[in-house]
2 protein chains.
Amino acid sequence: MPRTITIGAAQSGPVSRSETRAEVVERLLEQMREARRRDCDLVVFTECALTAFFAHWWIDDEHELEAWFEKEMPGPETKPLFDEAQRLQIGFHLGYAELATESGRKRRFNSSVLVDKHGRIIGKHRKIHLPGHADHRPHNPFQNLEKRYFRVGDLGFQTWQAFNGVVGMCICNDRRWSETYRLLALGGAELILIGYNTPDHIPEHPEMDQHVGFQHQLCMQAGAYENGCWIVAVAKAGVEEGVSQIGLTSIIAPSGQVVAESKSLEDELIVYECDLDETRAYKTLFDFQSNRKIEHYRPITSTAGPVVPIAEESPRQDTAEKL
Amino acid sequence: MPRTITIGAAQSGPVSRSETRAEVVERLLEQMREARRRDCDLVVFTECALTAFFAHWWIDDEHELEAWFEKEMPGPETKPLFDEAQRLQIGFHLGYAELATESGRKRRFNSSVLVDKHGRIIGKHRKIHLPGHADHRPHNPFQNLEKRYFRVGDLGFQTWQAFNGVVGMCICNDRRWSETYRLLALGGAELILIGYNTPDHIPEHPEMDQHVGFQHQLCMQAGAYENGCWIVAVAKAGVEEGVSQIGLTSIIAPSGQVVAESKSLEDELIVYECDLDETRAYKTLFDFQSNRKIEHYRPITSTAGPVVPIAEESPRQDTAEKL
């Protein structure tokens, strides 16, 4: 069975606050149809693809906040995506703000789903590493209130047999944590799908602005190489409601190379034919089973924050080895 | 107290099989003196710096093998390095093959020591991630018999208060494992020292040769950024006993940028003034204590190798969310 999968990374340009879901879904459908015309098996949409990224501003009213979330997936406004995927026989990845009601309890997550070519949801991720803050920072040029609006995901990092391979997902800031890639690779991932909304300016650290694009790709390139995975990362790009976000939608090979990259800050589809068998050389080279020394890794799961060694009080003056 | 430390990364060119330790130590002393002239607080030598990298060939005789190892540190041949460091008031890092005799039992490790400006050993690492193989592969253009000649290190990834900061070490292939950087950063590391012998050709994977230099730096750049650390990585470079090794001795800032890099494949000292306080912005940004979600990281320490999900037998045709 062939193990190549042609993937369309469907970057979104800005979505305005006033744009309706129906209008946004129409943009996504257009990209899905283009992906099909270009022989894609899978089209990857971004994080919270259906609306403006509302975490950038303060919302006090619960009803106003909930209006930014999807209460079901698919719902009336997103069903056309599922129907069209089934009609076109194409899979898709969609990020969205999820309002989950389970046992009468409402919980809000930053989520993504993987949908097969039959329009069936086969996988779901809820973002684990929420960036930003929970407090009101009205004096910043913009805010990132993800810690206020979303719970930490409760599904871990799962993988699924799909598209003739093993697929995993993570969302935005998850990609800056090496644990993300390792956990997905320990689940056998050969392809990792990522959506992101990444401002090109960090209010608290303006000196970092010049590195934002580089650091965005750096984490994923290392994650791809060290874990023998393809990575497809898709932006919400451009200036949206006053917040300027990077594009750099990227398809990254298991070598760590960026093999395709967006050129614009608008809706833009980049397409690449990924050979999932290219992951094998790296997975063989690293051979986790033989080479990972988990007996030495304990602090990674036993302590969240650093434990700094205590300084010795006075240096000894001898040179003999004491260790 | 100032938190800048001027570091000399002392790349070694090839060391021939017939070169004596005294001859090699003289080369290292010359680099140490140059480092002092250029105001270095610390000079970093490479992995197994004292001899040719004997793991590249098959050795059957136990006595012949042991001759490549140091039985004490410092020993008669390496004491001049410690004496000169004390005289010059400069710290150093030295990689060496270690024959440890503890409770009458001999064990061989690929080790490194951190020595302060008083010539005192303050830290030691034994390489955890041994690359290569234990079996004889005489038909390869060269071998990498580290799995035969060395035991897996038994000291974990420790850190030490030194040079006005917190310092950690790892060796060569350790740098390709994201756990290495994370463990050192969980120990508070602000500066990570690495020596390596890295061939520019992988016998089993010639298609990877073109990426060797890129992948070498990629892992360290991501490790530096994701953990808010300076990294100083020092090569044994050039063609040694028929094996061609990369140079690319590198000093990497907490931004992930390579800020200094060797130009040759010979003995070469590159110097950079590292401000350890530059680590703070990244350590604050990532804020491990708040943001690492160790409850989701469990497989990293519970399983060495991957556990691949089972494919479902027959897809359901409905589109309702079942997750």
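Quick notes on the rules
Residues numbered from 1 in each chain as written. Chains lettered and ligands numbered in written order. Predicted model: local features only at pLDDT ≥ 70, side-chain atom pairs only at ≥ 80, totals over all residues. Heavy atoms only, no water. Helix = DSSP H or I, 4+ residues; strand = E, 2+ residues; numbered from the N terminus. Rg over C-alpha atoms; globule rule 2.2 N^0.38 Å. Buried < 20%, exposed > 50% of the residue type's maximum accessible area, 1.4 Å probe, protein only. Contact = heavy atoms within 4.5 Å. Areas by Shrake-Rupley, 256 points an atom, 1.4 Å probe, with all protein chains shown as cover. Lys, Arg positive; Asp, Glu negative; His and termini not counted. Charge placed at Lys NZ, Arg CZ, Asp CG, Glu CD. Pairing = 2+ DSSP bridges. Axes fitted to C-alpha atoms, helices over the stretch in contact; angles between N-to-C directions. Least-squares fit on C-alpha atoms with pLDDT ≥ 70 in both. Buried area = accessible area lost by both parts, 1.4 Å probe. Salt bridge = Lys/Arg side-chain N within 4 Å of Asp/Glu carboxyl O. Polar contact = N/O pair within 3.5 Å; in protein donor to acceptor, adjacent residues only side chain to side chain.

Turning our eyes to something else, we now look at the overall build of chain A. A tally of regular secondary structure across chain A gives nine helices and 14 strands. Rg of the C-alpha trace for chain A: 21 Å, near the compact-globule value of 20 Å for 323 residues, within the 12% margin. Overall size of chain A, expressed as C-alpha extent along the three principal axes, is 75 × 55 × 45 Å. Within chain A, the proportion of its 323 residues that are buried is 63%. For chain A, long-range pairs separated by at least 24 residues make up 70% of all intrachain contacts whose partners lie at least 6 apart in sequence. Surface exposure of chain A reaches about 11,900 Å², of which carbon and sulfur atoms provide 49%. Distance from the positive charge centre (36 side chains) to the negative charge centre (48 side chains) of chain A: 5 Å.

Time to look at the sheet that holds strand 12 (residues 250–252) of chain A. All names here are of chain A. Sheet architecture is open: six strands sit in the order 6-7-8-9-12-13, paired in mixed fashion. Two strands close off the open sheet at either side, each with one partner strand: strand 6 (159–162) and strand 13 (258–261). Ignoring strand direction, the axes of neighbouring strands in this sheet form an average angle of 20°. Both strand 12 and strand 13 contribute to a ladder of three bridges, which runs antiparallel. Counted as the bridge partner of Ile251 is Ala260 from strand 13. Contacts from helix 6 (residues 212–227) reach strand 8 (191–196), strand 9 (230–235), strand 12 and strand 13, with the element oriented near 25° to strand 12.

With that settled, consider the relation of the copies chain A and chain B. Turning chain A through 180° and shifting it by 0.0 Å along the axis lays it on chain B, with an RMSD of 0.0 Å. Considering both components of the superposition, the chain copies are consistent with a two-fold axis. Mapped onto chain B, 100% of the interface residues of chain A again fall at the interface, so both copies present the same surface.

Taken together, the contacts link 85 residues of chain A with 85 residues of chain B. Summed over both partners, the interface of chain A with chain B comes to about 7,900 Å²; 61% of that surface belongs to carbon and sulfur atoms. For the interface between chain A and chain B, the tally reads four salt bridges. Across the pair B:Arg182 and A:Glu179 runs a salt bridge whose closest N-O atoms are separated by 2.6 Å. The tally of links between chain A and chain B comes to 31 residue pairs in polar contact (both at pLDDT 80 or more). For the side of chain A that touches chain B, the elements supplying multiple residues, two or more each, are strand 3 (91–102), strand 5 (121–126), strand 6, helix 5 (178–186), helix 6, helix 7 (279–286), helix 8 (288–291) and helix 9 (299–302) of chain A. Counting residues per element, the side of chain A that touches chain B draws most heavily on helix 6 of chain A, which supplies eight residues.

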